[in-house]
Amino acid sequence: MERKLVVGIDVGKERCAVSLFDGERFRDFSVPSSPEELLRRITPYLPGEMSSVLFVMEATGVYHLKLALFLKERGYPVSVVNPFVVKKYAEMLQKRAKTDPVDARILAQFGFFASPPPFVPKDKKAYLLEEIQKTIEDYQKRRTEILNHLEALHHHPFPHPRLQKLYEEELQRIEETLRTLEKEAEDLALQYASRAYELLLSIPGVGKRLACAILGILSPLTRFARSKELASFLGLAPQIDQSGKRKERAWMKKKGESLPAEAPLSFRPQCFPVQ
């Protein structure tokens, strides 16, 4: 069914800028960052058929996710778009202002004319895996900071024994927490996608943490038919610099998700036809 209305939403921590666009004019709102309140405010302006409206928002960390899932569960079409693509679209429209209402209008206009792909929620276990990996990364950063402090105390001409003990105790707590989180991530990966997890571990250089991170971000692996689709999703876009007779070698430009830098991920075809 042809879209009659697109709802562009610039999601913020406290408030959302909302713009309704029917192809000719905009209707703008500012509402608290509550999915229930947002839907209540704009429901009077929505067409009768759910399929004739599209909600569009940028991927903004965790802020957009609750709203996207809320709308999807209620049967509304939702699209979560790459901020880089929307930025280039705004540049094409020669939009210089960068405010929340302007961003909401750009999202609404982009959704109406570009027809972005639908938002496909991941399995709940994949979201949990992703959150565990982020927490592990945070604790690893804390561990590094404490190790640096201990190293500095070691070289200090007048080391404070009490401070050293405090750091060592904190380091021990962090190590215990990391072991617990890594075990929880492994158990979750085995429950969620045991076959894919085993295949990822079979790749040289891929450890348990990287395998769990891949499963959390790429859920499920079977949605990528080719390696190029996977590279595009991760933002590893091959580019060629060519002008006239000059043609430079292709290079990889990073504009997407990030994975832990545990080791390079070797391509292995059997990782894709996972059942």
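Note that the structure is a prediction, hence the values are computed from the model and not measured.

### Comments concerning the overall build of the chain
Next, step 1: Within the chain, the regular secondary structure consists of eight helices and nine strands.
Next, step 2: A total of 275 residues make up the chain; the buried ones form 37% of that total.
Next, step 3: Long-range pairs, those at least 24 residues apart, make up 58% of the contacts in the chain between residues at least 6 apart in sequence.

### Here we look at the environment of Pro-83
Next, step 1: With respect to the element layout, Pro-83 can be found in helix H3 (residues 83-92).
Next, step 2: Along the primary structure Pro-83 and Ala-59 are separated by 24 residues, whereas in three dimensions their C-alpha atoms are 6.6 Å apart.
Next, step 3: When neighbours within four sequence positions are excluded, Pro-83 is seen to be in contact with Glu-58 and Ala-59.

### A short note on helix H4 (residues 100-114)
Residue pairs three or four apart in sequence face the same way in an α-helix, which turns once every 3.6 residues.
Next, step 1: When the terminal C-alpha atoms of H4 are compared, their 20 Å separation across 15 residues agrees well with the 21 Å that a helix rising 1.5 Å per residue should span.
Next, step 2: Of all the residues in H4, the buried ones are Asp-103, Ala-104, Ile-106, Leu-107, Ala-108, Gln-109, Phe-110, Gly-111 and Phe-112.
Next, step 3: Immediately beyond the C-terminal end of H4, within one or two residues, lies Ser-115, with a positive phi of roughly 50°.

### Some words on the pattern of salt bridges
Next, step 1: Counted according to the given criterion, the structure contains 12 salt bridges.
Next, step 2: As a salt-bridge pair, Glu-130 and Lys-122 come within 2.7 Å of each other at their nearest N and O atoms.

### Structural notes on the sheet that holds strand E1 (residues 5-11)
Next, step 1: The strand order across the open sheet formed by five strands is E3-E2-E1-E4-E5, and the pairing between neighbours is mixed. Lying at the two open borders of the sheet, with one neighbouring strand each, are strand E3 (26-32) and strand E5 (78-81). When the angles between neighbouring strand axes are averaged without regard to direction, this sheet yields 20°.
Next, step 2: The pairing of E1 with strand E2 (residues 15-21) spans six bridges and is classified as antiparallel. Pairing of Gly-8 across the sheet is with Ser-19, part of E2.
Next, step 3: Sitting on the sheet, helix H1 (residues 35-42) touches E1, E2, E3 and strand E4 (53-58), and the angle it makes with E3 is about 150°.

### Some points on helix H6 (residues 161-201)
Next, step 1: The terminal C-alpha atoms of H6, which comprises 41 residues, lie only 43 Å apart, well short of the 60 Å expected from a rise of 1.5 Å per residue.
Next, step 2: Helix geometry: H6 is bent most strongly at Ala-193, by close to 120°.

### Some details on the pairing of E1
Next, step 1: Taken across its seven residues, E1 has seven buried, putting it largely inside the fold.
Next, step 2: Burial of E1 is two-sided: the residues Leu-5, Val-7, Ile-9 and Val-11 facing one way and the residues Val-6, Gly-8 and Asp-10 facing the other way are all buried.
Next, step 3: In this structure, E1 lies alongside E4, joined through five bridges in parallel fashion. From the neighbouring strand, Gly-8 faces E4, where its bridge partner is Val-56.
Next, step 4: Adjacent in sequence and paired antiparallel, E1 and E2 are bridged by three residues.

### Focus: the pairing of E2
Next, step 1: Within E2, six of the seven residues are buried, which leaves it mostly tucked inside the rest of the structure.
Next, step 2: Judged from the seven bridges that link them, E2 and E3 form a sheet pairing that is antiparallel. When the sheet's bridge partners are listed, Cys-16 is paired in E3 with Val-31.
Next, step 3: The turn joining E2 and E3, which pair antiparallel and follow one another in sequence, is formed by four residues; a positive phi near 100° is taken by Gly-23.

### Description of the packing of aromatic side chains
Geometry of an aromatic ring pair is reported as the spacing of the ring centres plus the angle between the planes.
Next, step 1: As enumerated under the stated definition, the model contains seven aromatic pairs in all.
Next, step 2: Relative to Tyr-76, the ring of Phe-55 lies with its centre 5.3 Å away and its plane at 75°, an arrangement referred to as edge-to-face. Placement of Phe-55 in strand E4 and of Tyr-76 in the loop between helix H2 (63-73) and E5 is noted, with a sequence separation of 21 residues between them.
Next, step 3: Tyr-76 sits in the buried class, given a relative accessible area of 12%.
Next, step 4: Taken together through their ring pairs, the aromatic side chains of Phe-21, Phe-26, Phe-112 and Phe-113 make up a single cluster.
Next, step 5: The aromatic ring of Tyr-139 is capped on one face by Arg-142, whose charged end is 4.7 Å from the ring centroid.

### Some points on the confidence of the model for the chain
Next, step 1: Averaged over all residues, the pLDDT of the chain equals 84, while 81% of them reach at least 70.
Next, step 2: Note on residues 256-275: pLDDT under 50 across the span, and 46 contacts to partners over four residues away in sequence or across chains.

### A few points about the side chain of Ser-79
Next, step 1: Relative to the helices and strands, Ser-79 resides in strand E5.
Next, step 2: Within the structure, the side chain of Ser-79 is placed 2.7 Å from the backbone oxygen of Pro-117, a separation counted as a polar contact.
Next, step 3: Filtering out sequence-adjacent residues up to four positions away, Ser-79 remains in contact with Leu-54, Phe-55, Val-56, Met-57, Pro-116, Pro-117 and Phe-119.

Conventions used here
Residues numbered from 1 in each chain as written. Predicted model: local features only at pLDDT ≥ 70, side-chain atom pairs only at ≥ 80, totals over all residues. Heavy atoms only, no water. Helix = DSSP H or I, 4+ residues; strand = E, 2+ residues; numbered from the N terminus. Buried < 20%, exposed > 50% of the residue type's maximum accessible area, 1.4 Å probe, protein only. Contact = heavy atoms within 4.5 Å. Expected span 1.5 Å × (residues − 1). Salt bridge = Lys/Arg side-chain N within 4 Å of Asp/Glu carboxyl O. Pairing = 2+ DSSP bridges. Axes fitted to C-alpha atoms, helices over the stretch in contact; angles between N-to-C directions. Bend = angle between axes of the 7 residues up to and from the residue. Phe/Tyr/Trp six-rings, centres within 6.5 Å; stacked < 30°, edge-to-face > 60°. Lys NZ or Arg CZ within 6 Å of the ring centre and 35° of its normal. pLDDT = per-residue confidence, 0-100. Polar contact = N/O pair within 3.5 Å; in protein donor to acceptor, adjacent residues only side chain to side chain.

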